Amino acid sequence: MKQYLDLMKHVMETGAQKHDRTGTGTVSVFGYQMRFNLKDGFPMVTTKKLHLKSIIHELIWFLSGDTNISYLKENGVRIWDEWADAEGNLGPVYGYQWRSWPKPDGGHIDQITQVVNQIRNNPDSRRMIVSAWNVADVNQMALPPCHSLFQFYVEPPNKEKGESRGKLSCQLYQRSADIFLGVPFNIASYALLTMMMTQVCELDYGDFIHTFGDAHLYNNHMDQARLQLSREPRPLPTMKINPEVKDIFKFKFEDFTLENYDPWPHIKAAVAV
Ligand SMILES: Nc1nc(=O)c2c([nH]1)NC[C@@H]1CN(c3ccc(C(=O)N[C@@H](CCC(=O)O)C(=O)O)cc3)CN21
Ligand SMILES: O=c1ccn([C@H]2C[C@H](O)[C@@H](COP(=O)(O)O)O2)c(=O)[nH]1
């Protein structure tokens with residue numbers, strides 16, 4: 001995960017001091033890109049221990065179309081607690097926009113189903129996009145989507161190399177990124193989503209490309225970031241996915257097994273609300 005440490009170093013060395021909505025203050029750059037070849041292993045940060053359980057449950061929850069935190073709470077995931085209202089609702093956030101984007105005629109669009117169908121049936125399409133950034137709904141959301149839009153790309157099989165399957169890549173545009181707390185979650189989450197899509201579309205692994213708008217380190221995460229930079233990254237773990245699952249909406253927590261994850265110890269940090 002040199003890519004992640006390079007981002008951290010780049011922001012520390014070249015970032016500007018910038019005020020932010022939470023009042024914490026950040027060091028920030030605008031525009032950056034990382035690339036992970038999913039064949040090289042599962043891109044899970046090794047320079048601190050990450051809580052994979054939260055990441056998997058959050059992704060299953062997004063894909064189910066749910067926007068109430070009760071499913072997360074039942075599974076011991078607390079990362080959205082600070083933003084929910086008294087009933088546990090977050091407003092029309094990711095799950096709603098992914099699965100039920102509202103149409104002017106009162107109907108809804110299931111963007112995930114549409115994109116799976118496009119990847120399967122029209123892999124050369126340049127329109128395989130899922131957007132959570134619904135301009136009309138943003139002000140009803142507890143937090144406007146940070147991972148705002150993603151696009152898939154199928155590289156055709158190279159027949160000369162004897163390849164029979166295309167390779168699926170995904171690029172995410174993240175408008176705002178908390179490098180210490182949020183980004184390790186976001187990388188693992190989208191890498192996993194890309195791997196799940198690859199399996200259900202019967203393709204091979206391509207790249208996950210992570211593109212940023214405002215990439216920032218909060219001022220109260222600097223010691224933690226320096227500690228992480230002092231640690232040598234370790235080999236990436238491997239993610240095993242139950243090969244029986246062929247429907248993107250049928251994955252369960254038990255279908256995922258992470259092998260050979262040997263991280264440095266966890267590092268605590270306060271989340272800016
Ligand atoms: N400032 C901020 N940063 C974020 O990363 C973030 C938000 N706000 N708001 C919405 C979601 C919630 N996300 C979060 C929230 C908390 C943690 C967090 O506290 N992580 C700890 C504990 C992990 C756990 O309990 O599973 C960590 O050490 O990674 C991570 C991502 C990502 N998002
Ligand atoms: O998946 C996520 C969700 C949120 N974040 C971070 C990025 C910012 O630090 C805050 C959001 O604040 P805004 O003022 O709305 O930008 O949450 C993240 O990194 N990843």
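Residues numbered from 1 in each chain as written. Chains lettered and ligands numbered in written order. Predicted model: local features only at pLDDT ≥ 70, side-chain atom pairs only at ≥ 80, totals over all residues. Heavy atoms only, no water.

- Going by the annotation in an unreviewed UniProt entry, the name recorded for the protein chain is Thymidylate synthase, with Mucilaginibacter pocheonensis given as the source organism.
- UniProt, in its Sequence similarities (unreviewed entry) section for the protein chain, records the words "Belongs to the thymidylate synthase family. Bacterial-type ThyA subfamily."
- What the UniProt record of the protein chain gives under Subunit (unreviewed entry) is the line "Homodimer." (UniProt positions renumbered as here; feature names shortened; annotations may be inferred.)

### A look at the nonpolar core
- Judged by nonpolar contacts, the single largest core of 82 residues is most densely connected at Trp98, Phe150 and Met197.
- With 12 residues, helix 6 (residues 182-200) is the largest single contributor of residues to this core.
- With residues up to four places along the chain from it excluded, the contact list for Met197 reads Ile112, Val115, Val116, Ile119, Phe152, Leu168 and Ile248. (Core = buried A, V, L, I, M, F, W, Y, C linked by side-chain atoms within 4.5 Å. Buried < 20%, exposed > 50% of the residue type's maximum accessible area, 1.4 Å probe, protein only. Helix = DSSP H or I, 4+ residues; strand = E, 2+ residues; numbered from the N terminus. Contact = heavy atoms within 4.5 Å.)

### With respect to the site of ligand 2
- Surveying the vicinity of ligand 2 reveals 13 residues, the closest of which are Arg21, Ser176, Asp178, His216 and Tyr218.
- In the environment of ligand 2, an oxygen atom lies 2.8 Å from a nitrogen or oxygen atom belonging to the backbone of Asp178.
- Contact distances for ligand 2 include 2.8 Å between an oxygen atom and a side-chain N or O atom of Asn186.
- Mapping ligand 2 onto the cavity grids shows that it belongs to the largest pocket.
- For the shell around ligand 2, the elements supplying multiple residues, two or more each, are strand 7 (167-178), helix 6 and strand 8 (204-218). (Near = heavy atom within 4 Å. Polar contact = N/O pair within 3.5 Å; in protein donor to acceptor, adjacent residues only side chain to side chain. 1 Å grid on protein atoms, 1.4 Å probe; cavity = no way out; pocket = protein on both sides within 12 Å on 5 of 7 lines; lining within 4 Å. Sits in = over half its atoms within 2 Å of the grid points.)

### So, the UniProt feature "domain: Thymidylate synthase/dCMP hydroxymethylase" (unreviewed entry) in the protein chain
- Per the UniProt record, "domain: Thymidylate synthase/dCMP hydroxymethylase" (unreviewed entry) is annotated on residues 2-273.
- What you have in residues 2-273 is 28% helix and 24% strand, and the ends, taken at the C-alpha atoms, are 28 Å apart.

### Points about the pattern of salt bridges
- With the rule as written, the count across this model stands at 12 salt bridges.
- We note a salt bridge from Lys18 to Asp214, for which the minimum N-O separation is 3.0 Å. Remark: Asp214 occurs in strand 8 and Lys18 occurs in strand 1 (residues 16-18); sequence separation between them is 196 residues.
- Put simply, Lys167 and Glu155 hold a salt bridge, and the shortest N to O gap is 3.4 Å. Taken together, the positions of Lys167 in strand 7 and Glu155 in strand 6 (residues 147-155) put the pair 12 residues apart, joining distant regions of the chain.
- Judged by its relative accessible area of 38%, Glu155 falls in the partly exposed class. (Salt bridge = Lys/Arg side-chain N within 4 Å of Asp/Glu carboxyl O.)

### Section: the packing of aromatic side chains
- Inspection of every chain in the model, using the stated rule, returns 12 aromatic pairs.
- When the centroid spacing of 4.9 Å and the interplanar angle of 55° are considered together, the rings of Phe62 and Tyr94 count as tilted. In this pair, Phe62 sits in helix 2 (residues 52-64) while Tyr94 sits in helix 4 (residues 94-100), placing the two residues 32 residues apart along the sequence. For the pair Phe62 and Tyr94, a shared accessibility class is recorded, and that class is buried. (Phe/Tyr/Trp six-rings, centres within 6.5 Å; stacked < 30°, edge-to-face > 60°.)

### Brief notes about the site of ligand 1
- Around ligand 1 there are 14 residues in total, and His51, Ser54, Asp178, His266 and Ala272 lie nearest to it.
- His51 is positioned such that a nitrogen or oxygen atom in its side chain is 2.6 Å from an oxygen atom of ligand 1.
- Between ligand 1 and Ala272, the relevant distance is 2.8 Å, taken from a nitrogen atom to a main-chain nitrogen or oxygen of the residue.
- Here ligand 1, which alone exposes 660 Å², has 84% of that area covered by the protein.
- Mapping ligand 1 onto the cavity grids shows that it belongs to the largest pocket.
- When grouped by side-chain class, the residues that make up the shell around ligand 1 number 9 nonpolar, 4 polar and 1 charged. (Areas by Shrake-Rupley, 256 points an atom, 1.4 Å probe, with all protein chains shown as cover. Nonpolar A, V, L, I, M, F, W, Y, C, P; charged D, E, K, R; others polar.)

### Some points on the packing of helix 2 against helix 6
- For the pair helix 2 and helix 6, interaxial distance at closest approach is 10 Å and the crossing angle is 55°. What the angle tells us is that helix 2 and helix 6 run oblique. For helix 2 against helix 6, the interelement crossing comes out right-handed. Contacts between helix 2 and helix 6 involve Ser54, Ile55, Ile56, Leu59 and Leu63 on the former and, on the latter, Phe185, Ala188, Ser189, Leu192, Leu193 and Met196. (Axes fitted to C-alpha atoms, helices over the stretch in contact; angles between N-to-C directions. Parallel < 35°, antiparallel > 145°, perpendicular 65-115°, else oblique. Left-handed = near helix turned anticlockwise from the far one by under 90°.)

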